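One letter stands for each residue in the lines below.
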Number of protein chains: 2
Amino acid sequence: MCDDCGCGDHELVPVQVQEHILADNNHRAAHLREHFVEAGVLAINLMGSPGSGKTAVLEATSRIAEGLRIGAVSGDLATDNDAQRLRRAGIQAQAITTGNACHLDARLVHDALHHVPWRDLDLFVIENVGNLVCPAIYDLGQDANVVALSITEGEDKPLKYPTMFLRADLVLLTKMDLAPHLDIDLDAMIGNLAKVMPDPRVIMVSAKTGAGIADWLTWLTARRAVIGRAA
Amino acid sequence: MCDDCGCGDHELVPVQVQEHILADNNHRAAHLREHFVEAGVLAINLMGSPGSGKTAVLEATSRIAEGLRIGAVSGDLATDNDAQRLRRAGIQAQAITTGNACHLDARLVHDALHHVPWRDLDLFVIENVGNLVCPAIYDLGQDANVVALSITEGEDKPLKYPTMFLRADLVLLTKMDLAPHLDIDLDAMIGNLAKVMPDPRVIMVSAKTGAGIADWLTWLTARRAVIGRAA
């Protein structure tokens, strides 16, 4: 139970309790979404396995995103290492330490917003706890779900963790610089994403070399333009 | 809620429900443990992030473990890919597909045992769902917790996911063959493990080159000798 976690214990956690938790979260998330849209802020829920390169992608994005005001919250069970890294990269970042919880929820994000000048941002990234399962279940008021999937993780992850990829608007295939050193079939990996994602969109990136980061920024800019028209 | 998951929702899931879930699991796990000890089977709970190399380590182990009767169950949300791989490597393996659940529990392992001739084994590996948080919370009747941590995941994972490493008897640092291609400070990574693990034991391995696999097998053999004396 992550000391408090009932993941998968659907036989034991009463259905009413489960429904109440998700309904409460959805209500809070809808409230957050209204605020983000109203302020013209593009909110992204950035998910992925531990060490998939979420923070590194944001650092690389900040390096080339001149004039774009970026803020973030970084979820981890412990430490504020990622928020510190993001701040050093010029991103207004706040850590959310979850204790034993394996994902963020709308209440945690809402509370953290008190520490980020989110209304003045162009892009607000919610860097979720490293986990390829539960973060996908909790709506955080984001405009889009983005999954960082490292090519070191293997071809079949989309098939083995469908919950995550079913809800992904974009997958960033990270650590592309390692491709020459891996026995990885990238065509198979992208093919597996196409089998699971309702609308498959994939950008190959390397935070180390900067490859693909401009394409990701273009995707963000296009997504933000839509938000701007809605505001 | 992983569609059924209340991870971290300690404010909403009644404490009594949480306690009931863990108590029920602990009861089942104790029952499993009795059986494993009685039969002289070394049971290992092998955990780690998605793509950390758990299956690859078992394949490499089987290649050099002549005469050792190895069986396994492999947990994943979907697919039986890992069990298929293990069977091809000579391991008597059964898949456990969890649906949306992010970890195994004692009931799932118990049910899967009907499909594995576990009493005839020397080593029974429970390959948990790829997740660096929740699998550590659920006792499965194992003798030892082993965590596969890929060096591609970065130095600070032990500090960011303390729940997992606090309960680890051994950490396998995997994918060592990639070390020359990574900006990784291995001393810092091992130092961080030492900060979190109560009794730090680390073996560096590469399933690709076979490096370290013999040391891991030696560790298993020593562990099994203790079980044998208890039986």
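Here the structure is a predicted model, which is why all the values come from computation and not from measurement.

Q: Can you explain the pairing of strand β4 (residues 123–127) of chain A? Please cite residues and give values.
A: Residues and elements named next belong to chain A. Of all 5 residues making up β4, 5 are buried, and the element is well covered by its neighbours. Judged by which residues are buried, β4 turns out to be covered on both faces: Leu123, Val125 and Glu127 on one side and Phe124 and Ile126 on the other are all buried. Examined bridge by bridge, strand β2 (residues 70–76) and β4 share 5 bridges and lie parallel to one another. Across the sheet, Ala72 pairs through a bridge with Val125, a residue of β4.

Q: Which residues make up the packing of aromatic side chains, and what are the values?
A: All names here are of chain A. One pass over the full model with this rule turns up 6 aromatic pairs over all chains. Aromatic side chains Phe36 and Phe124 sit 5.5 Å apart centroid to centroid with 40° between the ring planes, which places their arrangement in the tilted category. Taken together, the residues span a long stretch of sequence, with Phe36 in helix α1 (residues 15–39) and Phe124 in strand β4 at a distance of 88 residues. Across the pair, exposure class does not vary: Phe36 and Phe124 are buried alike. Chaining the aromatic ring pairs together yields one cluster made of Phe36, Trp118 and Phe124.

Q: Which residues make up the confidence of the model for chain A, and what values do they have?
A: Do not read the predicted coordinates in detail wherever pLDDT is low. All names here are of chain A. For chain A, per-residue confidence averages 93 on the pLDDT scale, and residues scoring 70 or more make up 93% of the total. Every residue in residues 1–11 is under pLDDT 50, and counting partners more than four places away or in other chains gives 58 contacts. Here the complex is predicted with pTM 0.94, and the ipTM for its interfaces comes to 0.93.

Q: A description of the packing of helix α2 (residues 54–64) of chain B against helix α3 (residues 81–88) of chain B should follow, citing residues and the corresponding values.
A: All names here are of chain B. Relative orientation of the contacting elements α2 and α3 amounts to 10°, with a least axis distance of 9 Å. Judged on the interaxial angle alone, α3 and α2 are roughly parallel. Considering only the axes of α2 and α3, their crossing is right-handed. Of the residues in α3, those touching α2 at Thr55, Ala56, Leu58 and Glu59 are Asp82, Arg85 and Leu86. For the contact of α2 with α3, the per-class residue count stands at 3 nonpolar, 1 polar and 3 charged.

Q: So what's going on with the environment of A:Ile70? Which residues, and what values?
A: For A:Ile70, the location among the structural elements is in strand β2. Residues within four places of A:Ile70 in sequence aside, it is in contact with A:Ser62, A:Ala65, A:Ile91, A:Gln92, A:Leu121 and A:Leu123.

Q: Talk me through empty space enclosed by the protein; I want residue IDs and the actual numbers.
A: A full pass over the atoms with the stated rule returns 1 cavity of 30 Å³ or more. In this structure, the largest cavity spans a volume of roughly 40 Å³. Looking at the largest cavity, the residues that line it are A:Ser49, A:Pro50, A:Gly51, A:Thr152, A:Glu153, B:Pro50, B:Gly51, B:Thr152 and B:Glu153.

Q: Lay out the sheet that holds strand β2 (residues 70–76) of chain B with the relevant residues and their values.
A: Strand pairs in the sheet, formed through backbone hydrogen bonds, run parallel or antiparallel to each other. All names here are of chain B. Judged by pairing direction, the sheet is parallel, and its 7 strands sit side by side in the order β3-β2-β4-β1-β5-β6-β7 without closing on themselves. A single partner strand is all that each edge strand has here, and the edge strands are β3 (92–97) and β7 (202–204). Between one strand axis and the next, the sheet turns by 20° as a mean value, whatever way the strands run. Packed onto the sheet, helix α7 (residues 186–196) meets β5 (144–150), β6 (170–174) and β7 and runs at close to 160° relative to β6.

Cut-offs used in this document
- Residues numbered from 1 in each chain as written.
- Chains lettered and ligands numbered in written order.
- Predicted model: local features only at pLDDT ≥ 70, side-chain atom pairs only at ≥ 80, totals over all residues.
- Heavy atoms only, no water.
- Buried < 20%, exposed > 50% of the residue type's maximum accessible area, 1.4 Å probe, protein only.
- Helix = DSSP H or I, 4+ residues; strand = E, 2+ residues; numbered from the N terminus.
- Pairing = 2+ DSSP bridges.
- Phe/Tyr/Trp six-rings, centres within 6.5 Å; stacked < 30°, edge-to-face > 60°.
- pLDDT = per-residue confidence, 0-100.
- Contact = heavy atoms within 4.5 Å.
- Axes fitted to C-alpha atoms, helices over the stretch in contact; angles between N-to-C directions.
- Parallel < 35°, antiparallel > 145°, perpendicular 65-115°, else oblique.
- Left-handed = near helix turned anticlockwise from the far one by under 90°.
- Nonpolar A, V, L, I, M, F, W, Y, C, P; charged D, E, K, R; others polar.
- 1 Å grid on protein atoms, 1.4 Å probe; cavity = no way out; pocket = protein on both sides within 12 Å on 5 of 7 lines; lining within 4 Å.
- Points joined across faces, edges and corners; volume = space filled by probe spheres on them.

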